[in-house]
Structures are given as C-alpha cells and as structure tokens.
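# Examining the three-dimensional arrangement
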Amino acid sequence: MSKTLITTFSENLIAWHARSGRSGLPWQGNRDPYAVWVSEVMLQQTQVATVLERYPRFMKRFPTVQKLAKAHIDDVLAEWAGLGYYSRARNLHACAQQVMKEFGGQFPSDPVMLEQLKGIGRSTAGAIAAFAFHKRAPILDANVKRILARLFGVEGAMQEKVINDRLWKLATDILPVKPKDMPVYTQALMDFGATWCTARKPVCLGHEKKCPFEKSCQANLSNQVLSLPQKIVKAKSPEFDCDMLLIRSGNSILLQKRPSKAIWGGLWSLPESVWVAKSPSRKTTPSIQNLFAAALPEEKASPWLRVCKTAQAGPQIKHVFTHRRLWMQIWYVSTSKLVEPGNEKLKWVPLKQLGRYGLPQPIKVLLQGLSLARGGDLKN
DNA sequence: AAGGCGGGGAA
DNA sequence: TTCCCAGCCTT
C-alpha cells in the first residue's frame with residue numbers, strides 16, 4: 001500500500017469537499033453533541049432524503065437531551081414511526097437517560113466512553129467525537145468501507161474480523177493530523193462515498209467528473225471498482241402468513257402494544273396471530289375463535305369471543321422487510337360497545353387520535369385509508 | 001461469525 | 001425484484 005496515499009489522503013479529500021461536498025443539510029455545522037448524536041443515529045442505515053424531513057421534526061419535539069430523557073417511550077416511538085429499526089428509538093431514549101444520570105446531562109467527548117452508551121457503536125462514537133469534539137477518531141460506515149476497500153484494494157468480506165480490523169486500521173492511519181480538521185474531514189468522507197465513490201455508479205466509470213484519487217486507487221488501477229467491496233450473497237428472505245384483527249367499536253380501534261424485542265418492537269399495532277411459514281395451500285379461513293385465542297390474551301375468561309360473530313375478511317396486505325416477507329390477512333370485527341381490554345397491552349384508540357401512536361408503516365397506511373373513508377362500515 | 005432488525009429509493 | 005443505505009445488538 002502506498003505511503004504517499006496515506007499521508008496525502010485527508011488533505012486531498014478536504015480539498016475535494018471544498019469543491020464538491022454536500023452542503024445545507026440541517027444537521028451540518030452543528031457542534032451540539034445532542035444534535036450530532038440524534039442525526040447520526042437517525043442516519044444509521046437510513047437515506048439522507050428520509051432523514052431530511054424527519055430530523056427537524058424530532059429536534060423540535062425533543063430539543064434537548066433532558067426533554068428526550070423525560071419523555072414517555074411511546075411518544076419517542078411515535079415520533080420515530082416509519083423510520084424503521086425501532087431499537088434505535090428505544091436505545092436513543094435509554095441513552096438520553098444514561099447521559100442525564102451518569103454524565104450530568106453532558107455527552108462524554110471520549111469515543112471510548114461514547115461507545116459505552118446505548119445504541120452507540122464504534123463508528124457512531126467516532127462520528128460524534130469528530131463532529132462535536134474535534135477528536136481524531138475514525139468512522140467506518142458503509143461509505144468508508146467502500147472507499148477504503150477500493151482505494152487500498154482490500155478483498156474479502158467486510159464482516160470478517162480480519163478484514164474489518166484492517167479497515168479500522170486504515171481508517172485510523174489516514175486521519176488528518178490536525179484535530180480541528182476532523183469535522184470537515186469526516187463530513188467529506190461521507191459525502192465522497194455517498195455522491196462520488198458510490199456502490200453502483202462511481203464517477204470514475206463515467207466521463208463527466210474526474211476522481212482526485214484515480215491515479216492512486218487500487219481498484220481503479222486494476223479495474224475492480226465494481227467488484228469492491230466484495231458483496232455477500234444473501235439467502236432469499238423467508239415468507240410468512242399472519243392474521244390481524246381490526247376490531248372497531250364506534251370510532252375506536254383496538255390496538256395492541258408489541259413486545260420490544262420483536263419486529264416493530266414497542267410500536268402499537270393490531271392484535272395478530274402467530275406468524276407461520278407461508279404455504280401455497282393456505283386457503284382455508286382460520287377459525288375465528290382460534291384467531292382470537294391466538295391474538296388476544298386470557299382467551300378463556302375473555303369476553304372477546306362474544307364479539308367475533310361479525311368478523312369479515314378484509315384485504316390481504318403484503319409487506320416486504322429486508323429479511324422477511326409477510327402476508328397479513330386483515331379481519332374486520334365490529335362490536336357495539338367497548339369491551340374492557342383487561343390487559344395493559346390492549347387499548348381502545350379513537351380514529352382521530354391514531355396520529356399520536358407509533359404504528360408499523362403498513363398498519364398506518366391501512367388505518368389512514370380507514371379514517372379517510374366515510375363513517376360507518378370499515379369495509380367501504 | 002451470523003442473524004435480527006424497517007423502510008424507501010434506485011436500477 | 002434485488003440492492004443499497006451515516007450500524008448496533010444479541011447469540
């Protein structure tokens with residue numbers, strides 16, 4: 001590997017950033033550790049375009065680490081709804097309380113200390129330390145992994161420990177010498193990976209722009225740009241069926257709080273059956289009694305079984321996750337009076353208040369269609 | 001080391 | 001459809 005590349009990289013990258021870096025993003029130029037932290041977590045595995053709308057909203061609702069720490073987790077999850085990876089929201093809330101309790105409301109500046117906090121891994125710790133405290137701490141997100149793998153011709157799967165260690169070492173070796181350069185340098189790395197050294201259409205393979213590293217990039221010199229970093233072949237995601245109960249009484253819907261460990265953890269959703277592997281022969285309508293028993297607690301003593309007479313089949317909704325495909329069969333149920341939930345995980349929610357709850361995206365879409373429909377039957 | 005955990009945009 | 005993304009946590 002080239003010594004000169006290592007020593008000149010940060011300077012050249014910062015020069016590139018002055019010409020071609022992104023600017024005007026709402027979280028840029030902010031040295032408030034709280035603001036930096038929220039943006040870094042929100043941007044984990046999430047596109048800039050998505051965060052662009054959601055970040056200002058979140059900051060307006062929870063302007064300080066104190067206010068976030070004091071908030072109810074349901075309100076944090078409601079604000080996070082639609083962003084995905086909800087453990088981020090749960091950890092964000094827990095981390096805010098950690099910062100209040102263990103650090104007197106001030107984020108630590110040492111990346112090693114930051115990494116001890118909930119939901120902050122090594123890369124996010126590095127980003128916060130660099131942006132908020134000008135620490136010479138490296139980041140290693142997907143952008144940086146791609147840049148380094150290409151620049152230094154690193155072959156092998158990114159999740160292999162040996163490869164990962166090599167990349168962290170490289171990321172550390174190429175840091176700028178002056179701490180004050182860390183914010184612009186870190187931003188430049190992200191910008192370069194996101195806009196020039198991209199996964200599918202890197203500028204070195206086009207004709208319009210000239211990459212400042214074309215003469216020193218191992219992947220470019222050996223015509224391996226698109227094959228680095230090495231891609232991992234993933235198995236086809238498994239498919240599941242489940243039934244969901246849309247129980248309505250007047251203008252209220254019965255929602256159920258989801259367990260925090262599972263998918264959509266901590267969000268409010270419809271009572272649902274167990275997920276079963278999708279089988280092509282699954283055409284029989286489930287016994288509605290069994291469905292209630294599976295979806296609702298204390299089935300024997302519960303009055304719920306009495307309201308099931310009116311159950312009607314609703315739409316079947318397909319939802320695609322990164323690692324799952326789910327077919328949700330909706331069942332409409334009407335009951336004239338509000339049955340006591342008899343369980344703190346269950347709650348009647350007026351249609352007009354649904355916006356206050358953190359709902360899984362497909363459920364939100366389903367219920368929005370409902371609210372827009374004229375009153376009366378759910379099956380309009 | 002591998003798998004779980006969302007959602008949207010791009011190709 | 002599949003791939004990709006400012007990753008982290010658990011097992």
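Here's a quick rundown of the structure. In every chain, residue numbers begin from 1 and rise along the written sequence. Chain A is the first chain written and ligand 1 is the first ligand written, with later ones labelled in order. Given that the model is predicted, a residue must reach a pLDDT of at least 70 before its local features are reported, and side-chain atom pairs must reach 80 or more before they are shown or counted; all residues, however, enter totals for whole chains, interfaces and linings. Where side-chain values are given, they derive from all heavy atoms of the structure, hydrogens and water being excluded.

### Observations regarding helix H3 (residues 48-61)
Along its 14 residues, H3 runs 20 Å from first to last C-alpha, staying within 8% of the 20 Å computed at 1.5 Å per residue. Residue Arg-54 marks the point of greatest curvature in H3, where the axis turns by about 30°; the proline Pro-56 follows within four residues. A simple rule labels every residue: compare its accessible area, found with a 1.4 Å probe on the protein chains alone, to the largest value its type can have, and call it buried under 20%, exposed over 50%, or partly exposed in between. Numbering goes from the N terminus for both helices and strands, where a helix is a DSSP run of H or I of at least four residues and a strand is a run of E of at least two. For H3, the complete set of buried residues consists of Val-51, Arg-54, Tyr-55, Phe-58 and Met-59. Whether two residues touch is decided by their heavy atoms; if any such pair falls within 4.5 Å, the residues are in contact. Here the buried face of H3 lies against helix H2 (33-42), helix H4 (65-70), helix H5 (73-80) and helix H6 (87-103). For a helix, the expected span equals 1.5 Å multiplied by the number of residues minus one. Think of it this way: the bend at a residue is just the angle between two axes, each fitted to seven residues, one set ending at that residue and the other starting at it.

### Some thoughts on the protein's contact with DNA strand C
Every one of the 28 residues lining DNA strand C counts as a neighbour, but Trp-27, Thr-124, Asn-143, Arg-146 and Arg-200 are closest to it. We call a residue near a molecule or strand as soon as one heavy atom of that residue lies within 4 Å of the molecule or strand. Near-protein atoms of DNA strand C (within 4 Å) split between backbone and bases, with sugar and phosphate holding 67%. Pairs of N or O atoms are called polar contacts if they sit within 3.5 Å, as long as, within protein, a hydrogen donor faces a hydrogen acceptor (for residues adjacent in sequence, only side-chain-to-side-chain pairs). A distance of 2.4 Å is found between a base nitrogen of DNA strand C and a side-chain nitrogen or oxygen belonging to Trp-27. In the model, a phosphate oxygen of DNA strand C is placed 2.7 Å from a nitrogen or oxygen of the Gly-119 main chain. Those elements that provide at least two residues to the surface near DNA strand C are helix H8 (122-133), helix H9 (142-151) and helix H11 (182-195).

### A short note on empty space enclosed by the protein
Only protein atoms enter the calculation, which uses a 1 Å grid: trapped sets of points that fit a 1.4 Å probe without letting it out are cavities, open sets showing protein on both sides within 12 Å along at least five of seven lines are pockets, and any residue with an atom within 4 Å of a point is a lining residue. Grid points are joined across faces, edges and corners, and a volume is the space filled by probe spheres set on the points. Inspection of the entire model under this criterion finds 2 cavities of 30 Å³ or more. The volume enclosed by the largest cavity comes to roughly 130 Å³. The wall of the largest cavity is formed by 15 residues, among which Phe-192, Cys-197, Cys-204, Cys-211 and Cys-217 lie closest to the centre. Counting residues per element, the lining of the largest cavity draws most heavily on H9, at 3 residues. Across the lining of the largest cavity, the residue classes tally to 12 nonpolar, 1 polar and 2 charged. Lining of the second largest cavity is provided by Ala-137, Pro-138, Ile-139, Ala-171, Leu-175, Met-182, Tyr-185, Thr-186 and Leu-189. Here the lining of the second largest cavity takes 4 residues from H11, the largest share from any one element. Residue classes follow a fixed rule: Ala, Val, Leu, Ile, Met, Phe, Trp, Tyr, Cys and Pro count as nonpolar, while Asp, Glu, Lys and Arg count as charged, and any other residue, Gly among them, counts as polar. In terms of residue class, the lining of the second largest cavity is built from 8 nonpolar, 1 polar and no charged.

### Regarding the protein's contact with DNA strand B
What surrounds DNA strand B is a group of 19 residues, the closest being Tyr-86, Lys-161, Ile-263, Trp-264 and Thr-322. When atoms of DNA strand B within 4 Å of the protein are sorted by moiety, sugar and phosphate together comprise 58%. In this structure, Gln-361 approaches DNA strand B through a main-chain N or O atom, which is 3.2 Å from a phosphate oxygen. Taken together, the residues that form the surface near DNA strand B break down as 7 nonpolar, 9 polar and 3 charged.

### Focus on the pairing of strand S2 (residues 252-257)
S2 sits mainly inside the fold: 6 of its 6 residues count as buried. Where burial is concerned, the two faces of S2 agree: the one with Ser-252, Leu-254 and Gln-256 and the one with Ile-253, Leu-255 and Lys-257 are both buried. Strand pairing is assigned whenever DSSP detects at least two bridges linking the two strands. Looking at chain direction, strand S1 (residues 239-249) and S2 are connected through 2 bridges and run antiparallel. Its bridge partner being in S2, Arg-248 is matched across the sheet by Ile-253. Here S1 folds back onto S2, and the loop between the two strands holds 2 residues, one of which, Gly-250, carries a positive phi near 60°.

### Looking at the nonpolar core
For our purposes a nonpolar core is just a set of buried Ala, Val, Leu, Ile, Met, Phe, Trp, Tyr and Cys residues, chained together by side-chain atoms within 4.5 Å. With 104 residues, the main nonpolar core has Tyr-34, Trp-37, Phe-58 and Leu-255 as its most contacted residues. Here this core spans two domains, since at least three of its residues come from each of domain 1 (3-227) and domain 2 (239-372). Excluding anything up to four places from it in sequence, Leu-255 contacts Trp-268, Ser-269, Leu-270, Lys-345, Leu-346, Lys-347, Val-349, Leu-354, Tyr-357, Leu-359 and Leu-367. In this structure, Leu-245, Leu-254, Val-333 and Trp-348 belong to the second largest nonpolar core, which totals 7 residues. Where a domain begins and ends is set by an automatic assignment or by a domain database.

### Some points on the packing of H2 against H6
Relative orientation of the contacting elements H2 and H6 amounts to 160°, with a least axis distance of 11 Å. As judged from the angle between their axes, H2 and H6 are roughly antiparallel. Between H2 and H6 lies a crossing of right-handed hand. Within the contact between the two elements, H2 uses Trp-37, Val-41 and Met-42 and H6 uses Arg-88, Leu-92, Cys-95 and Ala-96. Classifying every residue of the contact of H2 with H6 gives 6 nonpolar, no polar and 1 charged. Fitting a line to C-alpha atoms yields each axis, with helices limited to the stretch in contact; the angle taken between N-to-C directions then spans 0 to 180 degrees. Reported orientations rely on four angle classes, namely roughly parallel under 35 degrees, roughly antiparallel over 145, roughly perpendicular from 65 to 115, and oblique for the rest. Less than a right angle of anticlockwise turn of the near helix away from the far helix marks a crossing as left-handed, whereas a clockwise turn marks it as right-handed.

Purely spatial values, then, with no claim about function.
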